[in-house]
Amino acid sequence: MSDSKTTAQSLTPAAIHSAYTLIKPYIHRTPLLTNQTLNAIASTPQTPSSLAGTEFENQAPANPTFRFFFKCENYQRIGAFKARGGFHALLRLIAERGRDEVQRRGVVTHSSGNHAQALALAASTLNIPAYIVMPRISTPSKIEGTKSYGAEVIFSGSTSTEREALVAEVQARTDAILVPPYDDFNIICGQGTTGLELQEQYLDAVLENPQLSVHLHQGALEERHLDAVITPIGGGGLNSGVATFFSDKPTKVFGAEPSFEGADDCRRGLQAGERVLAVKTLTIADGLRTPVGVLNWEVISNQDKVAGVFSVTETQIKDAMRLVLERMKVVVEPSAVVGLAVCLFNEDFRRLVEKEAPQGWDVGVVFSGGNTTVEAIGKLFG
């Protein structure tokens, strides 16, 4: 049995609970929001014109029913869920190797921005030196945010291969300890705490207001559960962590990716039966430009844990982002809304919901981050 398969077996709901106990003093319990307008839009069939030129042209559009519960990690520290994994990984590293060694050597990682800021924040909080390799094309606000926590930023090319090569150079120079951005047990456990909070907050919400759920007249309120949760997939840390938390529950977990320039490597890998090793894309969802990690793949490719992965176009991502900005008044980055875009526009997913649940689904949608700028938003919609 490979090391990754063995490690994947240790990814359990109990490991997520343990991570939450450790990081709870350092992170925000982010809000869970609902929105009747987005429920209504998603529960309305797409128009024939929107399906023109697709395989569903001239077919009756799907007519699913959605009740959304938005987990707003854009309000997390550093503006993204990555703070969870960053703190958990560093706290575990200190516990395992001792503060003196970690403080002497420091830590290093590579990231387009959100994990960069997360590890920089955790390192600053815990008084550990941090070296962060970032692509030159990273969002300027993410670069400045990382520097503001005192980390040394080293610039690289945009591909994961270029980033990793530069990380090796930094390690040779500094002896820093690598904290991977997603392909790591402790990172995955930290990110999985998003699902733990989501489940607790969903139960609180429907107990307080049962009409938020499609299951108003079905069973005891205390027995409620989310029908599905959908998260973006880049390296896969968030999705595999959330899937780990829900692995002993009835909730189905799905992943969402951009299709632009092959950014949907996870979806394609699942179709082919093997992990795609490299991705080179400039999708507007810049946090999702990396291939799925080895350990993450072990979780996501397990159909008992992740029920499917779907992709959307750049236009669909922008349309979803516009709805969130205008209808919810919530600032998100493009990567954050890919899951919502799947619910709104991916006809395969919408037909799945309609087929499996004529009464509809309660769906947890993770908004993964909000690290964008006014200039970037203006450029997208200008």
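Residues numbered from 1 in each chain as written. Predicted model: local features only at pLDDT ≥ 70, side-chain atom pairs only at ≥ 80, totals over all residues. Heavy atoms only, no water.

The helix and strand tally for the protein chain stands at 17 helices and 10 strands. In terms of C-alpha radius of gyration, the protein chain reaches 20 Å, essentially the compact-globule figure of 21 Å for 382 residues. The dimensions of the protein chain, computed from C-alpha atoms along their principal axes, are 60 × 45 × 45 Å. Counting across all 382 residues of the protein chain, residues that qualify as buried make up 58%. In the protein chain, 74% of the contacts between residues at least 6 apart in sequence involve partners at least 24 apart. (Helix = DSSP H or I, 4+ residues; strand = E, 2+ residues; numbered from the N terminus. Rg over C-alpha atoms; globule rule 2.2 N^0.38 Å. Buried < 20%, exposed > 50% of the residue type's maximum accessible area, 1.4 Å probe, protein only. Contact = heavy atoms within 4.5 Å.)

Here helix 15 (residues 338–345) lies mainly inside the structure; 8 of its 8 residues are buried. For helix 15, the full list of buried residues reads Val338, Gly339, Leu340, Ala341, Val342, Cys343, Leu344 and Phe345.

Turning our attention to the domain arrangement of the protein chain. The domain boundaries assigned to the protein chain delineate domain 1 (13–79 + 184–381) and domain 2 (81–178). Computed from C-alpha coordinates alone, the two centres of domain 1 and domain 2 are separated by 26 Å. With 35 residues of domain 1 at the contact, the number on the domain 2 side is 28 residues. Where domain 1 abuts domain 2, roughly 2,600 Å² becomes buried across the two surfaces, and 60% of that area is made up of carbon and sulfur atoms. In terms of surface lost to domain 2, no three residues of domain 1 exceed Tyr26, Ile78 and Asn186, which account for 24% of the buried area on that side. (Domains from an automatic or database assignment. Buried area = accessible area lost by both parts, 1.4 Å probe.)

In this section: the environment of Phe245. By the element assignment, Phe245 lies in helix 11 (residues 237–245). Taking C-alpha positions, Phe245 is 6.2 Å from Ile16, a pair spaced 229 residues apart along the chain. The residues touching Phe245, leaving out its near neighbours within four places in the chain, are Pro13, Ile16, His17, Gly192, Gly195, Leu196 and Gln199.

Where burial is concerned, most of strand 8 (residues 252–258) is hidden: 6 out of the 7 residues are buried. As paired strands, strand 7 (residues 228–232) and strand 8 are joined by 5 bridges and run parallel to one another. Across the sheet, residue Val229 finds its bridge partner in strand 8, namely Val253. Traced from strand 7 through helix 11 to strand 8, the parallel crossover comes out right-handed. Inspection of the sheet shows strand 8 paired to strand 9 (residues 308–312) by 5 bridges, in the parallel sense. Paired with Glu257 across the strands is Ser311, a residue of strand 9. (Pairing = 2+ DSSP bridges. Right-handed = clockwise from strand over helix to strand, strands pointing away.)

All right, on to the packing of aromatic side chains then. Tallied over the full model, the rule gives 12 aromatic pairs. Seen from their ring centres, Tyr26 and Phe87 are 5.1 Å apart, and the 20° between their planes marks the pair as stacked. Note that Tyr26 is positioned in the loop between helix 2 (13–23) and strand 1 (32–33) and Phe87 in helix 5 (residues 82–97), a separation of 61 residues in sequence. Assessed through its relative accessible area of 25%, Tyr26 is described here as partly exposed. Given the relative accessible area of 0%, Phe87 is considered buried. Measuring from centroid to centroid gives 6.0 Å for Phe254 and Trp361, while their planes differ by 35°, and the two rings are tilted. A residue pair is termed long-range when its members are at least 10 positions apart, and Phe254 in strand 8 and Trp361 in strand 10 (residues 361–367) qualify at 107 residues. Phe254 gets classed as buried once you look at its relative accessible area, which sits at 1%. On the basis of relative accessibility, which here comes to 3%, the residue Trp361 falls in the buried class. (Phe/Tyr/Trp six-rings, centres within 6.5 Å; stacked < 30°, edge-to-face > 60°.)

To continue, consider the sheet that holds strand 5 (residues 152–156). Sheet strands pair via backbone hydrogen bonds, and the direction of the pair is either parallel or antiparallel. In spatial order, the strands read 5-4-3-6; together these 4 strands make up an open sheet with parallel pairing. Of all strands in the sheet, those bounded by a partner on one side alone are strand 5 and strand 6 (177–178). Across 2 bridges, the pairing between strand 3 (residues 107–110) and strand 6 is parallel. Paired with Val108 across the two strands is Leu178, which belongs to strand 6.

The next subject is the side chain of Thr146. Along the chain, Thr146 falls in helix 8 (residues 140–148). By relative accessible area, which is 0% here, Thr146 ends up buried. Within the structure, the side chain of Thr146 is placed 2.8 Å from the backbone oxygen of Lys142, a separation counted as a polar contact. Excluding residues that lie within four positions of it along the chain, Thr146 makes contacts with Gly113, Ala116, Gln117, Ala120, Ile132, Met134, Ala151 and Val153. (Polar contact = N/O pair within 3.5 Å; in protein donor to acceptor, adjacent residues only side chain to side chain.)

On to the packing of helix 14 (residues 314–328) against helix 15, then. Remark: helix 14 packs on helix 15, axes separated minimally by 9 Å, with the N-to-C direction vectors making an angle of 105°. Relative to helix 15, the element helix 14 lies roughly perpendicular. Residue-level inspection shows Gln316, Ile317, Asp319, Ala320, Leu323 and Val324 of helix 14 in contact with helix 15, the latter providing Val338, Leu340, Ala341, Leu344 and Phe345. Looking at the contact of helix 14 with helix 15, its residues break down into 9 nonpolar, 1 polar and 1 charged. (Axes fitted to C-alpha atoms, helices over the stretch in contact; angles between N-to-C directions. Parallel < 35°, antiparallel > 145°, perpendicular 65-115°, else oblique. Nonpolar A, V, L, I, M, F, W, Y, C, P; charged D, E, K, R; others polar.)

Below, the discussion takes up the nonpolar core. Judged by nonpolar contacts, the single largest core of 64 residues is most densely connected at Leu90, Val102, Val107 and Ile128. Of all the secondary structure elements, the ones that give two or more residues to this core are helix 2, helix 5, helix 7 (114–125), strand 4 (130–135), helix 10 (185–208), helix 11 and helix 13 (294–300). Three or more residues apiece are contributed to this core by two domains, here domain 1 (13–79 + 184–381) and domain 2 (81–178). Val102 has contacts with Leu90, Leu93, Ile94, Arg97, Val107, Ile128, Pro129 and Ile177, leaving out every residue within four places of it along the chain. Grouped together as the second largest cluster of nonpolar side chains are 40 residues, Cys72, Val332, Ala341 and Leu380 included. (Core = buried A, V, L, I, M, F, W, Y, C linked by side-chain atoms within 4.5 Å.)

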